[in-house]
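# Architecture at a glance
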Amino acid sequence: MPDKIKIGYVGIGRYLPENVLTNADLEKIVDTSDEWIIKRTGIQTRRIMGQGESVSSMAISAAKSAIEHSGIDAEQISCMRVGVNTHLRFPSVAAIVQDALGIEDVSASDIAAGCSGFIFSVEDVYNRLMTEWMLYGKKSYGIAMGVDGLSMVTDWTNRSTCVLFGDGAGAVVIGPVEAGEILATHTKTEGKYANLLELDEFLSVPLEDTKKMTFRHRNNTNYPFLTMAGPKVFAVAVRSMVSEVRTVIKKYNQANGANITESDIDYVFPHQANLRIVSAVRDALKLTPDRIFSDGVKKYGNTSAASIPIGYVDQRGKRPGALEVDVSFGSGFASGAILRRVAP
Ligand code: COA
């Protein structure tokens, strides 16, 4: 690849609902305690969508904030991918965001890859911008997003799952850079683990089969819940995140004749599923606590596809020139990683 082709992040943004749900609030809903939740998950608070907020409204706000941060004109955007699992309707979130931004001639679509949707989106946007540049000589910008409203599919009577999740959206503008580029990406899906974390399909199942499904009742309509085999998810999550970090480094090394090792990584942004998972990944990669992001899960819970870009905003501007890895896993089981250099 010619040296001059460099594509990286040029803007980041997010949206978090105002409404804060604390562990004390959850103690009133299910048989749980602040102590149990903190010990087993590290989560202290999460944001839950309120009146007038939706997956697409959060996505629009995050996209606008990332574009503003980038300083580019929205018209320069040629593609948009939105990692999302809870937009249980159509048209896509991407189409709604495109319309709200008032931009045209954009390839915009959603990606369903569990909590790894943001990584899949970045990979897709990056590959597309790279292809357009290399094949057609066209330099342009794209937006990759992660957004989810898991509160809509959470069973608020199930203490094993309802303490874990929050809502939110994050976005990055990606485009040509002088420095601070994406170095390698990797994504992978292991469908054999799909039933460990799933949301029943509902509109398409024959009526007689719906009795087997888990529902919540809302507005006189039956909606399905998310179900999860927590301890099994835990084990697969740690293994796949560690493997993704090693794979993306190896991929970069092989393509560039480089010799980067895990100890060269300055900072890791893991999907914020649970503090114990983050700690297990940190230990497996022999990272000190200051080299891995863990504040997101404490403050916002598991925001699914949004968790990594939400964390970027917390850490904005902190490590110029650093070598960073983003890594995620989620329903599917879909996992992925990005190796990138932060702009100096
Ligand atoms: N408060 C109090 N007790 C709870 C509880 C809660 N919120 N949730 C579960 N428990 C209880 C269980 O009922 C069980 O009780 P029992 O022994 O009397 O049956 C006990 O705690 C242990 O349950 P278990 O599910 O084995 O706990 P755990 O230590 O594995 O922790 C998770 C549960 C969900 C926190 C943990 O499995 C996990 O983090 N899994 C990964 C989940 C995840 O990140 N998913 C998202 C993927 S993107």
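Residues numbered from 1 in each chain as written. Predicted model: local features only at pLDDT ≥ 70, side-chain atom pairs only at ≥ 80, totals over all residues. Heavy atoms only, no water.

## What to know about the packing of helix α3 (residues 55-70) against helix α4 (residues 93-101)
With their axes 9 Å apart at the nearest point, α3 and α4 run at an angle of 50 degrees to one another. For the element pair α3 / α4, the angle class is oblique. Note on packing geometry: the crossing formed by α3 with α4 is right-handed. Across the interface between the two elements, Val-55, Ser-56, Ala-59, Ile-60, Ala-63, Lys-64 and Ile-67 from α3 touch Val-93, Ile-96, Val-97, Ala-100 and Leu-101 from α4. Across the contact of α3 with α4, the residue classes break down as 10 nonpolar, one polar and one charged. (Axes fitted to C-alpha atoms, helices over the stretch in contact; angles between N-to-C directions. Helix = DSSP H or I, 4+ residues; strand = E, 2+ residues; numbered from the N terminus. Parallel < 35°, antiparallel > 145°, perpendicular 65-115°, else oblique. Left-handed = near helix turned anticlockwise from the far one by under 90°. Contact = heavy atoms within 4.5 Å. Nonpolar A, V, L, I, M, F, W, Y, C, P; charged D, E, K, R; others polar.)

## Considerations on the side chain of Glu-181
Structurally, Glu-181 is set in the loop between β7 (167-176) and β8 (182-189). No salt bridge forms around the buried Glu-181; measuring N to O, its nearest opposite-charge neighbour Lys-6 is 4.1 Å away. Not counting the four nearest positions on each side in its chain, Glu-181 is found in contact with Lys-6, Ile-7, Gly-8, Arg-340 and Arg-341. (Buried < 20%, exposed > 50% of the residue type's maximum accessible area, 1.4 Å probe, protein only. Lys, Arg positive; Asp, Glu negative; His and termini not counted. Salt bridge = Lys/Arg side-chain N within 4 Å of Asp/Glu carboxyl O.)

## Digging into the site of the ligand
As a structural note, the neighbourhood of the ligand is formed by 22 residues, with Thr-32, Arg-40, Arg-159, Gly-230 and Asn-274 the closest of them. In the environment of the ligand, an oxygen atom lies 3.3 Å from a nitrogen or oxygen atom belonging to the backbone of Pro-231. At a separation of 2.4 Å, an oxygen atom of the ligand approaches a polar side-chain atom of Asn-274. For the ligand, whose unbound accessible area comes to 970 Å², protein coverage reaches 74%. If you tally residues by element for the shell around the ligand, the top one is helix α7 (residues 230-256), at four residues. Its residues assigned to classes, the shell around the ligand comprises 11 nonpolar, seven polar and four charged. When residues are assigned to domains, the shell around the ligand turns out to be shared by domain 1 (7-178) and domain 2 (184-301 + 310-341), each giving three or more. (Near = heavy atom within 4 Å. Polar contact = N/O pair within 3.5 Å; in protein donor to acceptor, adjacent residues only side chain to side chain. Areas by Shrake-Rupley, 256 points an atom, 1.4 Å probe, with all protein chains shown as cover. Domains from an automatic or database assignment.)

## Re the pairing of strand β13 (residues 267-270)
The alternating pattern of β13 places Tyr-267 and Phe-269 on one face and Val-268 and Pro-270 on the opposite face, and all of these are buried. Two elements, β13 and strand β14 (residues 323-330), share four bridges in a ladder whose sense is parallel. By the bridge assignment for β14, Phe-269 is matched with Asp-326. (Pairing = 2+ DSSP bridges.)

## Some words on the sheet that holds β13
Strand order across the open sheet formed by four strands is β8-β15-β14-β13, with mixed pairing between neighbours. Of all strands in the sheet, those with a lone pairing partner are β8 and β13, marking the two edges. Going from strand to strand, the sheet's axes swing by 10 degrees on average, the running direction of each strand aside. Two strands pair when backbone bridges link them, and β14 and strand β15 (residues 334-341) are joined in this way by eight bridges, in the antiparallel orientation. Along β15, the bridge assignment pairs Gly-330 with Ala-334. Contacting β8, β14 and β15, helix α5 (residues 117-136) runs over the sheet at an angle of about 125 degrees to β8.

## Describing the pattern of salt bridges
Per the counting criterion, the structure on display carries 12 salt bridges. Across the salt bridge formed by Arg-282 and Asp-283, the nearest N and O atoms sit 3.3 Å from each other. A salt bridge links Lys-298 to Asp-295; the shortest N-O distance between them is 3.7 Å. Highlighted residues: Lys-298 and Asp-295, both in helix α9 (residues 295-300), separated by three residues, approximately one helical turn. Taken together, the salt bridges that share partners define one network made up of Arg-319, Glu-324, Asp-326 and Arg-340.

## Overview of the sheet that holds strand β6 (residues 141-149)
Reading across from one edge, β1-β7-β6-β4-β5 is the order of the five strands in this open sheet, with mixed pairing throughout. Edge positions in the sheet fall to β1 (7-15) and β5 (107-111), since each of these pairs with one other strand and no more. With direction set aside, neighbouring strand axes in the sheet form an average angle of 15 degrees. Sheet strands in contact with α3 are β1, β4 (77-83), β6 and β7, and its direction is about 130 degrees off that of β1. Seen against the sheet, α4 touches β4, β5 and β6 and runs at an angle of roughly 140 degrees to β4.

## Details of the nonpolar core
Counting 45 residues, the largest nonpolar core has Ile-265, Ile-277, Val-325, Phe-329 and Leu-339 as the members making the most contacts within it. Elements supplying a minimum of two residues to this core: β8, α7, α8 (275-284), β14 and β15. Top contributing element to this core by residue count: α7, with 10 residues. The next biggest cluster of nonpolar side chains, apart from the first, holds 29 residues, and it includes Ile-67, Val-82, Ala-94 and Val-173. (Core = buried A, V, L, I, M, F, W, Y, C linked by side-chain atoms within 4.5 Å.)

## What to know about the confidence of the model for the chain
In the predicted model, the chain carries a mean pLDDT of 92, and the fraction of residues at 70 or more is 92%. Predicted confidence is poor over residues 203-207, with pLDDT under 50, and the contacts of this stretch with residues over four places away or in other chains come to two contacts. (pLDDT = per-residue confidence, 0-100.)

## Observations regarding the packing of α7 against α8
Contact geometry of α7 with α8 gives a least axis separation of 10 Å together with a crossing angle of 40 degrees. By the criterion of interaxial angle, the relationship of α7 to α8 is oblique. Here α7 runs over α8; the crossing is right-handed. Together, Phe-234, Ala-237, Val-238, Met-241, Val-242 and Arg-246 of α7 and Arg-276, Ile-277, Ala-280, Val-281 and Ala-284 of α8 make up the contact between the two elements. When the residues that make up the contact of α7 with α8 are grouped by side-chain class, the tally is nine nonpolar, no polar and two charged.

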